[in-house]
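Topology and contacts: notes
Here is what each chain is made of, one letter per residue.
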Amino acid sequence: MSKAKYLIPFIITAILVLTTVGTCNTTKAQALSYTVTDTEIVVSGVTFEVHISKSGGITAYYFMGYPVLGTVGEGVTLNVRDKDWWSHPTTMATVIKDPEIKEYDWGLLIKTYSKVELPEKSFFYRYTTVHKIYKSGAVVISTVVEALKDSVIKGGAILITFPCKYYANGKFIAYRQGSISFTVDSFPPEYNPEALQYGEVIVSGPADSGYLVPPFEEKINILIVFINPPEIKTTHVSDERGWGNDYFWIRGWVAPAWTGLNLIPTTAGDEYNFTWIVFPHNNGPSFSESFINIINEGKTANNYIHNVEKIVKSAKAKADLEKARTSLSKLIPAICSGDLDKAEQFATDAYKYARSAYSTETTRAGIRYIIIPIVICVALYGLAAKKWKGGAPEEEEKV
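Nothing here was measured: the structure is a model prediction, and the numbers come from that model. Every chain begins its residue count from 1, and numbering advances along the sequence as written. Given that the model is predicted, a residue must reach a pLDDT of at least 70 before its local features are reported, and side-chain atom pairs must reach 80 or more before they are shown or counted; all residues, however, enter totals for whole chains, interfaces and linings. Computation of side-chain values: all heavy atoms of the structure, hydrogens and water removed.

**Details of the packing of aromatic side chains**
To keep it simple, the criterion reads: Under the pairing criterion, centres of Phe, Tyr and Trp rings, with the six-membered ring standing for Trp, must be within 6.5 Å; the plane angle then separates stacked pairs below 30 degrees from edge-to-face pairs above 60, leaving the rest tilted. Note on exposure labels: buried denotes an accessible area under 20% of the residue type's maximum, exposed denotes more than 50%, and partly exposed covers the range between, all computed with a 1.4 Å probe on protein chains only.
Tallied over the entire structure, the rule returns 20 aromatic pairs. Taken together, a centroid distance of 5.0 Å and an interplanar angle of 5° make the contact between Y104 and W106 stacked. Residue classification places Y104 among the partly exposed positions, given a relative accessible area of 38%. W106 sits in the partly exposed class, given a relative accessible area of 27%.

Here it is, written out as structure tokens:
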């Protein structure tokens, strides 16, 4: 299985609106502090507290005092299932190295190292997870899953749990390519198997992003965006109370093949980088929708850049393509700090420069393969006409 090649310059995205500044398209940065315990790193801002497991992933996210993500179940994690369907999320893996914590102007970077090795199940994986916690409250999670030996699995998913107690009668809106893909209009207050689509699934469909709306405050939204892969073909929203749990699940399946993706590596040495973001904020649905649209603009620009890379040869086209990459790389810091207006401008510029590179290359190709051959043909025609000037060849003299 090849390593992730797409969206590398795009490998971070998310926003968390905590306090409004001027317009709904800007959020205010908060000072961050952190505490290291035996099992996790607790990062605190003015309005949020996020618990990062030392083995990778989020075990709990509190926003404005509410437990909006995790606190029960696996949390926010990459989860791989062994051949017997048992779950092995990053949040419950074995720590193999102390986490690395670095402070930046934008926030904190926490890198964790863990593994799960079960010889009796032919299951051998290492998880290396980078968490970027921005002062805005945005959290970008990037987990590299590496097969240490040939392994056998049943599936894998980007997994997000959230407590039934706080989301009963709440909503979830899933998007795909800028349009609503499916919705949960009201999470059931009580477990009702007859209301489920099948099994424990409330609803399912393709999605590249979405947001949760808890019932106690509609302005609070929890953004969820898939970056790599950029779209999940099969996304389940599930009610786990039938299994004796007290939480709902959002599962973005990334394996096996029947889900539409098959990205969990199973051959020794292969790996894949899964990247997604969660971003609780209190600016309401309009902010969430704008955020999702800008992310899609960035993905479109990134895809365009990737396609132009295959044909670019001229110096000018290469220069424009580099400008496109630079603009796209600036989108991430802007959107993660909550400045949607600036982020949108970077997405627009990235597409503009990529388009310019394409136009330059197609013009060059047109000159080389169309104009020049036409000029040559015209020149040859002129030479031929000059040679035969004076009319048709004389007839042979009759004897």
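**A look at the environment of C164**
Note the cut-off: Helix and strand assignments follow DSSP, with helices taken as H or I runs no shorter than four residues and strands as E runs no shorter than two, numbered in order from the N terminus. In this description, contact between two residues means that some pair of their heavy atoms is separated by no more than 4.5 Å.
Tracing the chain through its elements places C164 in helix 1 (residues 164-167). According to the relative accessible area criterion, C164 is buried, its value standing at 3%. Once the C-alpha coordinates of C164 and P188 are considered, the two residues, 24 residues apart in sequence, prove to be 8.6 Å apart. Sequence-distant contacts of C164, defined by excluding residues within four places in its chain, comprise R241, D246, Y247 and F248.

**Observations concerning the side chain of S55**
We count it as follows: What qualifies as a polar contact is a pair of N or O atoms within 3.5 Å, subject to a donor-acceptor requirement within protein and to the restriction that residues adjacent in sequence count only when both atoms come from side chains.
Residue placement: S55 occurs in the loop between strand 5 (48-53) and strand 6 (58-63). Separated by 3.3 Å, the side chain of S55 and the backbone oxygen of T91 make a polar contact. Other than its neighbours up to four places away in sequence, S55 contacts T90, T91, M92, A93, V95, T112 and S114.

**Considerations on helix 3 (residues 315-336)**
Our working rule: The span expected for a helix works out to 1.5 Å for each residue beyond the first.
The end-to-end C-alpha distance of helix 3, which contains 22 residues, comes to 33 Å, matching closely the 32 Å that a straight helix rising 1.5 Å per residue would cover. For helix 3, the set of buried residues is A317, D320, L321, A324, S327, L328, L331, I332, A334, I335 and C336. Phi turns positive, to about 90°, at G338, one or two residues after helix 3.

**Looking at the nonpolar core**
Where we set the bar: Nonpolar cores were defined as sets of buried Ala, Val, Leu, Ile, Met, Phe, Trp, Tyr and Cys residues, with membership established by side-chain atoms within 4.5 Å.
One finds F172 and L212 to be the most contacted residues of the largest nonpolar core, which totals 59 residues. When near neighbours in sequence (up to four residues on either side) are disregarded, F172 contacts F182, T183, V184, F187, G210, Y211, L212, I224, V237 and I250. Core analysis: the second largest hydrophobic core is formed by 38 residues, Y175, F279, F291 and C336 among them.

**Comments concerning the environment of T143**
With respect to the helices and strands, the residue T143 is situated in strand 13 (residues 139-147). A residue is classified by how much of its surface remains accessible, and T143, at 1% relative accessible area, is buried. Along the sequence, T143 and I158 sit 15 residues apart, while their C-alpha atoms lie 9.9 Å from each other. Apart from the residues lying within four places of it in its own chain, the contact partners of T143 are L78, T90, Y127, T128, T129, Y272, N273, F274 and W276. Only 3.0 Å separates the side chain of T143 from the side chain of T129, close enough to count as a polar contact.

**A few points about the packing of helix 2 (residues 285-309) against helix 3**
Cut-off, in case you're wondering: Axes here mean lines fitted to C-alpha atoms, for a helix over just the part in contact, with angles spanning 0 to 180 degrees between N-to-C directions. Throughout, the term roughly parallel applies to angles under 35 degrees, roughly antiparallel to angles over 145, roughly perpendicular to angles from 65 to 115, and oblique to all others. Two helices crossing with the near one rotated counterclockwise from the far one by less than a right angle form a left-handed crossing, whereas a clockwise rotation gives a right-handed crossing. Ten residues, namely Ala, Val, Leu, Ile, Met, Phe, Trp, Tyr, Cys and Pro, are considered nonpolar, four, namely Asp, Glu, Lys and Arg, are considered charged, and the remaining ones, Gly among them, are considered polar.
Where helix 2 meets helix 3, the axes come as close as 11 Å, and the angle between the chain directions of the two elements is 155°. Regarding the angle of helix 2 to helix 3, the classification is roughly antiparallel. In the crossing of helix 2 with helix 3, the sense of the turn from one axis to the other is left-handed. Contact residues: F291, I294, I295, G298, A301, N302, I305, V308 and E309 in helix 2; L321, A324, R325, L328, L331 and I335 in helix 3. Considering only residue class, the contact of helix 2 with helix 3 consists of 11 nonpolar, 2 polar and 2 charged.

**Section: the pairing of strand 3 (residues 33-36)**
Here is the key point about a regular strand: its side chains alternate between the two faces of the sheet. Short version of the rule: Here, strands pair whenever DSSP counts at least two bridges between them.
When strand 3 meets strand 4 (residues 40-44), the two strands line up antiparallel, connected through 4 bridges. By the bridge assignment for strand 4, Y34 is matched with V43. Count of turn residues in the strand 3/strand 4 antiparallel hairpin: 3 residues.

**Overview of the environment of T360**
Among the structural elements, T360 can be located in helix 4 (residues 340-387). Sequence-wise, T360 and A317 are 43 residues apart; in three dimensions their C-alpha atoms are separated by 5.8 Å. Not counting chain neighbours up to four residues away, the residues in contact with T360 comprise S314, K316, A317 and D320.

**Description of the confidence of the model for the chain**
To keep it simple, the criterion reads: pLDDT expresses, on a scale from 0 to 100, how confident the predictor is about each individual residue.
Model confidence for the chain is summarised by a mean pLDDT of 87, while 83% of its residues fall at 70 or above. The low-confidence segment residues 369-380, where pLDDT is below 50, has 5 contacts with residues more than four positions distant or belonging to other chains. Below pLDDT 50 for its whole length, residues 391-399 participates in 1 contact with residues either more than four positions away or in separate chains.

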